[in-house]
Structures are given as structure tokens and as C-alpha cells.
Amino acid sequence: MSTTKKALITGITGQDGSYLAELLLQKGYDVTGIVRRSSSITRSRIDHLLDRGLNLHLEYGDLADSSSLRHMMTRVKPDEVYNLAAQSHVRISFDQPEYTADVTGLGVLRLLEAIRDYNNASGAKVRFYQASSSEMFGAAKPPQSEATPFHPRSPYAVAKVMGFWQTVNYRESYNMHASNGILFNHESERRGENFVTRKITRAAGRIKVGLQKNLFLGNLEAKRDWGHARDYVEAMWMMLQQEQPDDYVVATGESYSVAQFLDEVFGHLNLDWHDYVKIDPRFYRPAEVDYLLGDASKARKKLNWTPKITFKELARVMTEYDLDLAERESHAAAFNGKK
């Protein structure tokens, strides 16, 4: 009988999902990712894994569809389930609050029920990780720890609070090994281009090579605790290796403003961001979250987790990646122009 561990990941085509899949495959897991059926295929973050003949499989499913989740559990028979899928853009959640609540909030409940049913039917003890968010703290005074009361300030944050408490409730009601990772902002070169850090590095690279003139942003004074996603997925895995499930804040313990991120990125390219950045009121949230700063003492002590990539290193890696992307984009434009 095989002793290979099986993991099921929702949101595998996203930033965190791709890094987590890499980590689990390196550890010898058999990994299945849930993907939604759509008219366009967006698997660029995991293409390098699919092409290497690894134990990585993709199945169609959706957090909005209970039956697909139940079927997935019986087909895959996972040892661990990582729920990373969500409508995860805070500003967009104000425009699509009902959809956000359905997928980001109720989707957690549907997945927990699917796991509970599978456990009851098979006698399995599936371990569950829920991707919770620092946005749940919202207006709470920093630093924020596991003991800090939630004060969500967006439909996304409210939905994440629901998912958090559903996870706690299933742990306490049904003795499930279910843990919440309250992750503070974590970025990378795989971050979606509509998130502020990647929006900045992408624009800076294009400005440097002459493809773009301006960058439009909202609140530059918002402060965030920024780490690298590669470090944070390691903490996810560590949580499910513990004998007892629990909830953990995952953060660097340092906070920087959007303006300070601009300083790092544009400074690395020998540019002054004040010459290019313009404020656009459209990018302000109806309710702002001004200051997030995580206290990850519990994760450091109990999981022995520490972030390896600094804020400056994060900004540098993202900037160089997007400068290279912009240079290739510029060369392609020039080549097509000559044709």
C-alpha cells in the first residue's frame, strides 16, 4: 500500500497555489488542484510543473458547487486539503459583494461539509487548511495577533471572517483537524497585476523602457506587513503537520506604506516615482484599512517558522522580474513594428 501523501488544493492556479504545489511536490506529495471551467485557460503559474511529468493533476470543480466538491473528495481521497481559492481582490469585493460572500465565505462551508461527509463515510481524518486574511483585522489597532478582535472593512474581509469561524466551528464541533492561517500581505513576481505591489512593479518596468508614462494609484499612506508568498506557503504546510490543529498569524512583523514600496521599486530603477505616479480617487476603498502589522510570535514559537525574504529583497525580485518582462515586451513591439 502506497504511503505517498495526497493533497488537494483549491486555487492552485493562483500565486499561493502555484508555490504550494511546488513545495508539496518537492516533498513527494501527489497533488491534485481544483480549477474552474472558463472560456480562457489561465494556468501560466503552474505550466512549468505540468510539463515535467510530476504527480500533479487538475480536476474541474468550484467552491460554488457542493456536488463537485463531494465528488472530488471521493475521487482524490486526500490526506490534506488546502483552501486557497477565493474572490480575493479587496477593492473588487465592493463591486461584487454577493459573489464574494458566496465563494469566499460560503465556499468554505461547502468544502468543510464535503470533507466531513467524506470522513464519516470512509473513516478518514482529512486535515484542512483555510487561507484566512489579515484584512479580517481591518480597523483593529496594530500589532494584530491571534487574540486581536476582527473588525473587517470590506465584503472580502467579512467573507473571510465567516470562513475563519466556520473552520473553528467544524474543528470544535466535529473534531476535525482544521486550521486557519491568518496571512498578512504576501507578494511575488506571480502576484496578479491588479494587486497594488505588482501593479507598481509592472508599471515601473514599463516606464523604464518607455512603454508607459504614468501610474495611477489610490491611498499611498496605507501601511502593510509585506512578505514573500514562497515563505508563507511553507507555514501553511507546517500547520497541517502539527498534532493539534490551531490558528496562526503569519507575518514579518514589519510594516511599510505604499509610498515606501514605491521608493524601493522606482529607486532600484534610478527613477523618481513622484514624476510618474498620479492619484486617482477611483482606487480608494469605500472603507480604508490604514495599518496592518502582524505579530507572528505564535507561528515562530510553535511552528518554528520564520520569513526568509526581506521587504527590500521582495521589492527587488519583483522589480527585476517585471523589468525583464517589459524589456521583452519592448523588443517584441519593436520587432512587430519593423514587420
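Residues numbered from 1 in each chain as written. Predicted model: local features only at pLDDT ≥ 70, side-chain atom pairs only at ≥ 80, totals over all residues. Heavy atoms only, no water.

Asker: Sorry, what's going on with the side chain of Asn-83 here?
Answerer: Structurally, Asn-83 is set in strand 4 (residues 80–83). A polar side-chain atom of Asn-83 sits 2.8 Å from a polar atom in the side chain of Gln-130. Sequence-distant contacts of Asn-83, defined by excluding residues within four places in its chain, comprise Thr-10, Leu-63, Val-108, Leu-111, Phe-128, Tyr-129, Gln-130 and Ala-131. (Helix = DSSP H or I, 4+ residues; strand = E, 2+ residues; numbered from the N terminus. Polar contact = N/O pair within 3.5 Å; in protein donor to acceptor, adjacent residues only side chain to side chain. Contact = heavy atoms within 4.5 Å.)

Asker: Teacher, can you tell me more about the pattern of salt bridges here?
Answerer: Applying the stated criterion across every chain, the model contains 25 salt bridges. Among the ionic pairs, Asp-247 bridges to Arg-171, the shortest N-O distance being 2.9 Å. Of the two residues, Asp-247 is situated in strand 11 (residues 247–250) and Arg-171 in helix 6 (residues 155–174); the sequence distance between them amounts to 76 residues. In this structure Asp-247 comes out as buried when scored by relative accessible area, which is 10%. Residues participating in the shared-partner salt-bridge network are Glu-193, Arg-198, Arg-202, Arg-206, Asp-322 and Glu-329. (Salt bridge = Lys/Arg side-chain N within 4 Å of Asp/Glu carboxyl O. Buried < 20%, exposed > 50% of the residue type's maximum accessible area, 1.4 Å probe, protein only.)

Asker: I'm lost on the pairing of strand 2 (residues 30–35) in this one. Help?
Answerer: Here is the key point about a regular strand: its side chains alternate between the two faces of the sheet. Counting buried residues in strand 2 gives six out of six residues, a clear majority hidden from the surface. Neither face of strand 2 is exposed, since Asp-30, Thr-32 and Ile-34 on one face and Val-31, Gly-33 and Val-35 on the opposite face are all buried. For strand 1 (residues 6–10) and strand 2, the ladder comprises five bridges, and the chain directions are parallel. Looking at strand 2, one finds that Ile-9 is bridged to Gly-33. With respect to chirality, the unit in which strand 1 leads through helix 1 (residues 15–26) into the neighbouring parallel strand 2 is right-handed. Note that strand 2 and strand 3 (residues 56–60) share five bridges and pair parallel. Along strand 3, the bridge assignment pairs Val-31 with Leu-56. (Pairing = 2+ DSSP bridges. Right-handed = clockwise from strand over helix to strand, strands pointing away.)

Asker: Explain helix 1 here, please?
Answerer: Owing to its 3.6 residues per turn, the α-helix brings residues three or four apart onto one side. With 12 residues, helix 1 extends 17 Å from end C-alpha to end C-alpha; this agrees with the ideal 16 Å at 1.5 Å per step. Summarising burial for helix 1: 11 of the 12 residues are buried, a large majority. Burial in helix 1 covers these residues: Gln-15, Asp-16, Gly-17, Ser-18, Tyr-19, Leu-20, Ala-21, Glu-22, Leu-23, Leu-24 and Leu-25. Downstream of helix 1 by a residue or two, Gly-28 has a phi angle that is positive, lying close to 90°. (Expected span 1.5 Å × (residues − 1).)

Asker: I would appreciate a short explanation of the environment of Glu-221 in the present structure.
Answerer: Mapped onto the elements, Glu-221 comes out in the loop between strand 8 (215–217) and strand 9 (223–224). Spatially, the C-alpha atoms of Glu-221 and Ala-259 are 6.4 Å apart, while their sequence positions differ by 38 residues. If near-sequence neighbours (up to four positions away) are discounted, Glu-221 is found in contact with Ser-257 and Asp-290.

Asker: What is the right way to look at the nonpolar core in this model?
Answerer: In this structure, Ile-9, Leu-20, Leu-24, Tyr-82, Tyr-129 and Trp-305 are the most contacted members of the largest nonpolar core, which totals 47 residues. Residue contributions to this core peak at nine residues, all from helix 8 (residues 229–240). Sequence-distant contacts of Tyr-82, defined by excluding residues within four places in its chain, comprise Ala-7, Leu-8, Ile-9, Thr-10, Leu-20, Leu-24, Tyr-129, Met-236, Trp-237, Leu-240 and Gln-241. Counting 24 residues, the second-largest nonpolar core is a separate cluster that includes Ala-203, Leu-220, Leu-262 and Leu-323. (Core = buried A, V, L, I, M, F, W, Y, C linked by side-chain atoms within 4.5 Å.)

Asker: Explain the side chain of Asn-180 here, please?
Answerer: By the element assignment, Asn-180 lies in strand 6 (residues 177–183). With relative accessibility at 0%, the residue Asn-180 sits in the buried group. Sequence-distant contacts of Asn-180, that is, excluding residues within four places in its chain, are made with Tyr-129, Gln-130, Ser-132, Gly-163, Phe-164, Thr-167, Val-168, Met-239, Asp-246, Asp-247 and Tyr-248.

Asker: Can you walk me through the pairing of strand 5 (residues 127–133) in this structure?
Answerer: Burial analysis of strand 5 places six of its seven residues in the buried class, the great majority of the element. When strand 5 meets strand 6, the two strands line up parallel, connected through seven bridges. Residue pairing in the sheet places Ser-132 in a bridge with Ile-182 of strand 6. Handedness of the crossover is the feature at issue here: the chain leaves strand 5, passes through helix 6, returns alongside strand 6, and the resulting connection is right-handed.

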